[in-house]
Amino acid sequence: MNTQAINLDIHKILTLLPHRYPILLVDRVLALEPHKSIQALKNVTINEPYFVGHFPTRPVMPGVLILEALAQTAALLTFAEAPHDPANTVYYFVGIDRARFKRPVEPGDQLILNVKFERYMRGIWKFSAKATVDDVVACEAELMCTIKHLDGAEKTESGASV
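Residues numbered from 1 in each chain as written. Predicted model: local features only at pLDDT ≥ 70, side-chain atom pairs only at ≥ 80, totals over all residues. Heavy atoms only, no water.

Colleague: Residue-level account of the sheet that holds strand S4 (residues 110–121), with values.
Modeller: Within a sheet, adjacent strands bond to each other through the backbone by hydrogen bonds, running parallel or antiparallel. In space, the 6 strands of this open sheet follow the order S1-S2-S4-S5-S6-S3, with antiparallel pairing throughout. Edge positions in the sheet fall to strand S1 (28–33) and strand S3 (89–101), since each has one partner strand and no second. This sheet shows a mean twist of 25° between the axes of neighbouring strands, independent of strand direction. The pairing of S3 with strand S6 (residues 136–149) spans 10 bridges and is antiparallel. When the sheet's bridge partners are listed, Tyr92 is paired in S6 with Thr146. (Pairing = 2+ DSSP bridges. Helix = DSSP H or I, 4+ residues; strand = E, 2+ residues; numbered from the N terminus. Axes fitted to C-alpha atoms, helices over the stretch in contact; angles between N-to-C directions.)

Put into structure tokens, the structure is as follows:
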């Protein structure tokens, strides 16, 4: 991955994403190549609220939350490229294709989130995404996302209002 040294710590992530505890699922961006790819991480701890019920005797991170972490990583790739107003912008997950879960994610794991931009067409961004733990694939999928501007203005791929 040919990347730029872009430091997106949790403080910067909080300015780019509207998510907050307990649904913010990205702790740090490790690498970012604008318009191409991003690598981020989620430290999975026993303190995650979902582990209370999923499952009490053998905690496992729900697959839908792994997919959500990948979608948030895709949003960071999109938002890091173009300025936006988080108070007036909603990033929606609009589709998941070919989702596969290959290994459980448990407390103590460090989930590495890799997302690659594939294409943009008619307001939909498409990404290929893979989450790994210790270089072993935990989840992979194709994600589709869109941006809704709450002021009603449509935006072009370059971010200009139309």
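Colleague: How would you summarise the nonpolar core if you had to cite specific residues and measurements?
Modeller: Among the nonpolar cores identified, the biggest contains 42 residues, and Met61 and Leu111 are the most heavily contacted of them. Sorting the residues of this core by element identifies helix H1 (10–16), S1, strand S2 (37–43), helix H2 (63–81), S4, strand S5 (124–133) and S6 as the ones contributing at least two each. At 10 residues, the largest contribution of residues to this core is made by H2. Once you skip the residues sitting within four places of it in the chain, Leu111 turns out to touch Ala40, Leu41, Lys42, Val44, Met61, Ile66, Val105, Ala131, Thr132, Val133 and Ala138. (Core = buried A, V, L, I, M, F, W, Y, C linked by side-chain atoms within 4.5 Å. Buried < 20%, exposed > 50% of the residue type's maximum accessible area, 1.4 Å probe, protein only. Contact = heavy atoms within 4.5 Å.)

Colleague: Before we move on, could you go through the pattern of salt bridges and cite the residues and values that matter?
Modeller: Under the criterion given, the structure shown has 7 salt bridges. The partner of Arg98 in a salt bridge is Glu142, and the shortest N-O contact between them spans 3.2 Å. In this pair, Arg98 sits in strand S3 while Glu142 sits in strand S6, placing the two residues 44 residues apart along the sequence. Linked by salt bridges that have partners in common, Arg98, Lys126 and Glu142 make up one network. (Salt bridge = Lys/Arg side-chain N within 4 Å of Asp/Glu carboxyl O.)

Colleague: Any details on the environment of Asp97? Residues and values, ideally.
Modeller: With respect to the helices and strands, the residue Asp97 is situated in strand S3. Take Asp97: its relative accessible area is 32%, and that puts it in the partly exposed class. Asp97 sits 45 residues away from Glu142 along the chain, and the two C-alpha atoms are 5.0 Å apart. Here Asp97 is in contact with Ala141, Glu142 and Met144, once residues within four sequence places are set aside.

Colleague: So what's going on with the side chain of His19? Residues and values would help.
Modeller: Summarising the element assignment, His19 is placed in the loop between H1 and S1. At 3.4 Å, the side chain of His19 forms a polar contact with the side chain of Glu68. Leave out the neighbours within four places in its chain, and His19 touches Leu14, Leu24, Glu68 and Gln72. (Polar contact = N/O pair within 3.5 Å; in protein donor to acceptor, adjacent residues only side chain to side chain.)

Keep in mind that these numbers describe shape and distance, not what the molecule does.
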